[in-house]
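# Survey of secondary and tertiary structure
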Amino acid sequence: MLDNFRPALIITRRELRDQQRDWRIILPVLMLTLLFPFLANFTTQRILGFVEKYGANIIAERFIPFLFMIVGFFPITISLVIALESFAGETERRSIEPLLSSPLTDTQLYLGKLLASVLFPLAAAYLGMSVYLIGIYRSTSWRAEPMFLVMIGLLTAVQALVMVSGAVVISTQTTSVRAANLLASFIIIPMALLIQAESVMMLWADYQILWWVILALVILAVLLVRMGITHFNRENLLGREIDSLNLRWMWHVFRDEFKGEARTVGEWLRWEIPHSVKRMSIPIVWMIILLTAGTYLGAVLVKSIGITPSFFSLESLNSINTKVLDQFRQFGYFETSGVFTIWWHNLRAIAIAILLGSFTLGVAGAIILMLPMIIIGFFTGLVAQTGFHPLTILTAVVMPHGLLEIPALILAGASILQVGASLVTPHRKQTIGEGLVSSLAECAKITLALVVPLCLGAAILEVFFSPLVLVRLLGLE
Amino acid sequence: MIQTENLSKKFGDFLAVDRVSLQVNAGEVLALLGPNGAGKTTTMRMLTSVLRPSSGWARIAGFDVLTQAEGVRASVGILTEQHGLYGRMSAEEYLDFFGQVYRMPADLRRKRTKELLEQYGLGGDAKRKIGEFSKGMRQKLALARTLYHNPPVLLMDEPTSAMDPESARLVRDAIHGLRSANRAIIICTHNLAEAEELAGKIAIIHLGKIIIAGDVQKIKLKLLGAPQFEVRLGVGSLDLKDTLPSDAWLIAQGEGWFQFQTDNPIEINPLVIQALVNQKIPVIGLSEVSRSLEKVYLQAITDAQVNGNSMKMSGDMPTDLEIQNAG
């Protein structure tokens, strides 16, 4: 294991030495490491002076740890530039070719460069944070809790790793630094939003939530590193001109995958669709697990946010209007137009899930599809407090339309997860582009042949039958 | 040492290399010639296990390019067209870095660095930054890197491009010196004179296919016909109709010279001289008319275009280089 990793360190050492000779890297790092912490110190002291004079000490208390995080974040932003230069720059200058012709494996090369991109900015970040802490201690005697230091240190490291691993994925899809810089906005914008969210948490002193942020970033980093290892290979780097967009070729790949071997619609439905479903067996299992987990999470939420049985009772629902079915009618139930409203709503949600899923390795898509199950779980948990058996409530809420809608959710989610998997899983026979287009075609195939009709059936059942079942089972009449 | 069989590479729908079969034995130098985009670089990349062949196979120094990529890469030294050096490193550091990549021990790296830098006239610049080097110096350093781990197989893409004549000569001499009984070399070049000078064998690749391959002299014979000779005379124009033996054909004549062609110069040339001497015509000299590789190359490419990228070669071609016929 260590012997396999050692060659990666040869690359890391060379790149670190190279970075230390590049004034374009050294100068901003020095400024952010040595000057910015002093500036942050100065700002903190001004704020302390201000709040001392006018009150609102809490602002000062929150501001010191907040600036500690920011002082660490600034130097690691350089890691993005270093990574783009290291991966896309070497490819553009062709200096990577002798390395690709050497006995180094793709993974060793990738890890060596990844480490080199992270280490220097991270060391600078920790140095800057230390300078800030010493300055603050000397001027205000403020001391951070050791656990807080560990948390911010980890947060900084994992943010650097996410930026660098994201930069590698971007670099593998371009053949020039210019194109990589353009694509870097896909990293910069989410990171800027994340920092804003983290700032809010810091100012509210919700430090515990930051642990969840760290966990989410670790998962993201693992996915991005896996994706980077998959895409950073000799074949991808030198095999083709990947900057060019060939719509015609994309259409051909999409059409061939969508149509498959079928010659008629009947054949397509009889052969191609069952084959596609079979191919998605693993994502289907994952979706079943996720939807079950979502339902459970919803039910658990009722207790965790402290809702007591007195908060909700079915009597209170009846007291609003004794004719519950009339309430349903007001929302378009028992009418054909209601079918289309619900159908359209579900299709729109699935379309958004597919769209977001394609950009987030399937994660956002799966989360969106989990939301209805979380709500159902929550409602079940809520009503269960009134004495009903959870299964009775679950049946009342999801039957009979759930018989069609839940399989539709599972299939849609599975095809979205498959799109994400196509990006993080190596293809021996297909290029990345082919893999992505093929999985999108598969997703379109499943959506059109199964999800859309299932959703229509579910909408019909939901509009004409589900309210009756709900009212009957919960005794709302 | 280098053996390929029906090696092909497809990028999407584009067939970059089409069923290339080659064999280069130890001690041989093969020049791979062809227009830009013909598939030379893709072939080289497959031979270094950088690109995976779509079909066919190749073995380099006994290692399979598909299943023993690490062994292949350790056995090959490749000089790429764009040498891609690191400008902020010194020449010494650069070579040492690649020595580490090839897992060479420190003492051997020190020895090899000194040796190669001296050999290519860069000894005095060992500690200078590569960014300050001229194009020729960079090319020499890239060549030193290629040879650093003493590989049994050398692949060189345009080894003397962008070099001044003196540096180019130095590199060509070095390549001459690299020919050894246990080393096989493939050179990709547009410089046909260089190819002729360095390589005993050529392969011309066009639209991904090898259209002709084999011994340079035999290919010349095949494409350009029998060798031509020029005789310089001590007199003005002559009527040579009855002077030349039946197996020699007069092809050109001028004041004090004539040219003839023959399939069998070993027997015919003395007869020509003999005939001239018998007629008391003073002979100043007899020499072979030089026919450049450029002519061969252009002829091969033209024939390939006319015949739809294929040339039928007769069975008398060398057997060690496979000839690609039309599919």
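Structure: above.
Let us look at the structure shown here. (Residues numbered from 1 in each chain as written. Chains lettered and ligands numbered in written order. Predicted model: local features only at pLDDT ≥ 70, side-chain atom pairs only at ≥ 80, totals over all residues.)

### Quick look at the overall build of chain B
What chain B contains, in helices and strands, is 10 helices and 14 strands. Considering chain B as a whole, with its 327 residues, one finds that 42% of them fall into the buried category. When contacts within chain B are restricted to residue pairs at least 6 apart in sequence, long-range pairs at least 24 apart make up 68% of them. (Helix = DSSP H or I, 4+ residues; strand = E, 2+ residues; numbered from the N terminus. Buried ≥ 20, exposed ≤ 12 C-beta atoms within 10 Å, placed from the backbone. Contact = placed C-beta atoms within 7 Å.)

### Thoughts on the packing of helix H5 (residues 135-147) of chain B against helix H6 (residues 165-178) of chain B
Residue and element names in this part refer to chain B. Two elements in contact, H5 and H6, have axes separated by 10 Å at closest approach and are oriented at 10°. When the axis of H5 is compared with that of H6, the two are roughly parallel. For the pair H5 and H6, the sense of crossing is left-handed. Residues Gly136, Gln139, Lys140 and Leu143 of H5 form the contact with H6, whose participating residues are Ser167, Val171 and Ala174. Along the lines of polarity and charge, the residues of the contact of H5 with H6 split into three nonpolar, three polar and one charged. (Axes fitted to C-alpha atoms, helices over the stretch in contact; angles between N-to-C directions. Parallel < 35°, antiparallel > 145°, perpendicular 65-115°, else oblique. Left-handed = near helix turned anticlockwise from the far one by under 90°. Nonpolar A, V, L, I, M, F, W, Y, C, P; charged D, E, K, R; others polar.)

### Section: the sheet that holds strand S13 (residues 257-262) of chain B
Residues and elements named next belong to chain B. Reading across from one edge, S12-S13-S11-S14 is the order of the four strands in this open sheet, with antiparallel pairing throughout. On the outer flanks of this sheet lie strand S12 (248-254) and strand S14 (283-288), each paired with one strand and no other. Pairs of neighbouring strands in the sheet enclose a mean axial angle of 20°, with direction left out of account. Bridging between strand S11 (residues 228-233) and S13 involves five bridges; their strand directions are antiparallel. Across the sheet, residue Glu230 finds its bridge partner in S13, namely Gln259. Taken strand by strand, helix H9 (residues 265-278) contacts S11, S12, S13 and S14, and its axis lies near 165° from that of S14. (Pairing = 2+ DSSP bridges.)

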